[in-house]
Protein chains: 2
Amino acid sequence: MSGKPDTKTHILNVAEKAVLEKGFEATSIEEIVAAVGISRSGFFYHFKDKNALARAMLERYIDAENALFDDVFGRARELNDDPLHAMLIGLKLLAEVLADLPNGHPGCVIAAAAYQDRLFDRGVRELNREAILAWRARFRAMFEEIAERYPPAEPVDLDALGDMVSGVAEGAIVLQKVLGERETLAAQILQLRTYVKLLFSPRAPVSA
Amino acid sequence: MSGKPDTKTHILNVAEKAVLEKGFEATSIEEIVAAVGISRSGFFYHFKDKNALARAMLERYIDAENALFDDVFGRARELNDDPLHAMLIGLKLLAEVLADLPNGHPGCVIAAAAYQDRLFDRGVRELNREAILAWRARFRAMFEEIAERYPPAEPVDLDALGDMVSGVAEGAIVLQKVLGERETLAAQILQLRTYVKLLFSPRAPVSA
DNA sequence: GTTCTCCTGTACTGCGAGTCCAGTTGACAT
DNA sequence: ATGTCAACTGGACTCGCAGTACAGGAGAAC
């Protein structure tokens, strides 16, 4: 396919890689344009400033994550129409996909932005917020459907449960980055899967 | 007590607050010394460079977290000698402590460092790594003791379960920062508590 | 052959990190 | 009283990077 991505996409590719490796501030425009093979002026032609770059990166990242979730949980639902089983399959697929990434998940642009807050304008922060809320809503809806059919073993706040998917992933990415391990993210997703399984699987207490 | 912390501590206090609000790079030495009321030269008298500041902040943060865990899980164990119940009490206490922080948890220096990697030298990264591994070991040991007495309902990787405590906390802090909510961190810790409860509580399948 | 998009090149401002170093101030020691 | 040491101040400097300004070029599209 694309032997040549357009320059703007090329910049985003290079920038994303560098930012996830080193942090946003630590990535200079100088090195980005060197890697892309354009001039500094060329960069500023495409992006007003670094803030615009951050915004574009975030938008792209959020879209990609949404597409990944659509794909994984869509496929899972096709495999099994039961909402609980679909969720469990989806989480397993997700863990597999994340484990198969060549160098482990590179990190989350959302968290990167969260920890370098002041660099970004309100728009960027708002974008970030909306993405997290959308994921909460997405997973909450899925858990609601499950909870209707399978009463949870413990009382549970479905918003918190929805947040847990993004939260566990974010946290695991941090751990993975710090530890330099490749398996951590998948392992944590599988822990979450076990939780969901236990929470919604039919069972009876051992004692009356 | 301390009407006057010494200057070095004062710098660390001011810097930690600023860094967690804005990110490390976005915090200038200029504004730190202005807030502390010393000169730039005064700053460099105490810290060789910003890296030294980061290292000192990390060390302090890790020590404080360890002290918090010692306190919370120590108290929990005093309240109940059963390892599972102590863990459940400890997680509840932890959620309460974190929820009671005035402005929510300010963020995690570990994650902040993880996402601004290149700024720091190997020593800082190693420090970070050791802290995460120490927490893994700490919680793993607690879960091992629990698993001996209460066979887990699902096969579980105890390292991953140990990591989950720091991981869920890290992830929740990110969510909380992005969402601007105060309850997220406590809610996520309570989700983890529910997972632990379900995983280790005695039960029997509903059908033969 | 004009116009538009996508650049290049140069030259500039301004900020913040980090260095160097000379000098000050107050406490404490002898 | 004298010396000395830790904890600073102040000023001057270098360097790297973000961002601005603007003039101009190369190629496709009409």
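Reading guide: rules and limits
Residues numbered from 1 in each chain as written. Chains lettered and ligands numbered in written order. Predicted model: local features only at pLDDT ≥ 70, side-chain atom pairs only at ≥ 80, totals over all residues. Helix = DSSP H or I, 4+ residues; strand = E, 2+ residues; numbered from the N terminus. Buried ≥ 20, exposed ≤ 12 C-beta atoms within 10 Å, placed from the backbone. Contact = placed C-beta atoms within 7 Å. Near = placed C-beta within 6 Å. Nonpolar A, V, L, I, M, F, W, Y, C, P; charged D, E, K, R; others polar. Least-squares fit on C-alpha atoms with pLDDT ≥ 70 in both. Domains from an automatic or database assignment.

Looking at this structure, how should I read the overall build of chain A?
From N to C terminus, chain A includes nine helices and one strand. The secondary structure elements of chain A, listed N-terminal to C-terminal, are α-α-α-α-α-α-α-α-α-β. Dimensions along the principal axes, computed over C-alpha positions, put chain A at roughly 75 × 35 × 30 Å. Taken over 208 residues, chain A has a buried fraction of 41%. Long-range pairs, those at least 24 residues apart, make up 63% of the contacts in chain A with a sequence separation of at least 6.

Any chance you could explain the protein's contact with DNA strand C here in plain terms?
The local shell around DNA strand C holds 13 residues, among which Thr7, Ser39, Ser41 and Gly42 of chain A together with Ile29 of chain B are the closest. Every element with two or more residues in the surface near DNA strand C is listed here: helix H3 (40-46) of chain A together with helix H2 (29-36) and helix H3 (40-46) of chain B. Ranked by residues supplied to the surface near DNA strand C, first place goes to H3 of chain A with three residues. Here the surface near DNA strand C is built from residues that sort into four nonpolar, six polar and three charged.

Can you help me understand the protein's contact with DNA strand D in this one?
The environment of DNA strand D is formed by 13 residues, the closest being Ile29 of chain A together with Thr7, Ser39, Ser41 and Gly42 of chain B. Taken together, the elements giving at least two residues each to the surface near DNA strand D come down to helix H2 (29-36) and H3 of chain A together with H3 of chain B. Counting residues per element, the surface near DNA strand D draws most heavily on H3 of chain B, which supplies three residues.

Whenever I open this one, the relation of the copies chain B and chain A confuses me. Can you help?
Mapping between the two chain copies consists of a rotation about an axis together with a translation along that axis. Expressed as a screw operation, the relation of chain B to chain A combines 0.0 Å of axial shift with a rotation of 180°, fitting to an RMSD of 0.1 Å. Read as a symmetry element, the transformation amounts to a two-fold axis. It is glycine 171 of chain B whose C-alpha, among those of chain B, lies nearest the rotation axis, at 1.8 Å. Looking at the interface residues of chain B, 100% of them are also at the interface in chain A, so both copies use one shared face.

How do you make sense of the interface of chain B and chain A when you look at a structure like this?
For an interface, size is often stated in terms of accessible area lost upon the parts coming together. Contacts between the two partners involve 51 residues from chain B and, on the opposite side, 51 residues from chain A. Mapped onto the side of chain B that touches chain A, the elements with two or more residues apiece are helix H1 (7-22), helix H6 (109-114), helix H7 (122-149), helix H8 (158-179), helix H9 (184-200) and strand E1 (203-205) of chain B. Looking at the side of chain B that touches chain A residue by residue, the class counts come to 28 nonpolar, ten polar and 13 charged.

I keep staring at the domain arrangement of chain A and nothing clicks. Help me out?
All names here are of chain A. The domain architecture assigned to chain A consists of domain 1 (1-47) and domain 2 (57-200). The interface is formed by eight residues belonging to domain 1 together with seven residues belonging to domain 2. Of the residues belonging to the side of domain 1 that touches domain 2, the class tally is five nonpolar, one polar and two charged.

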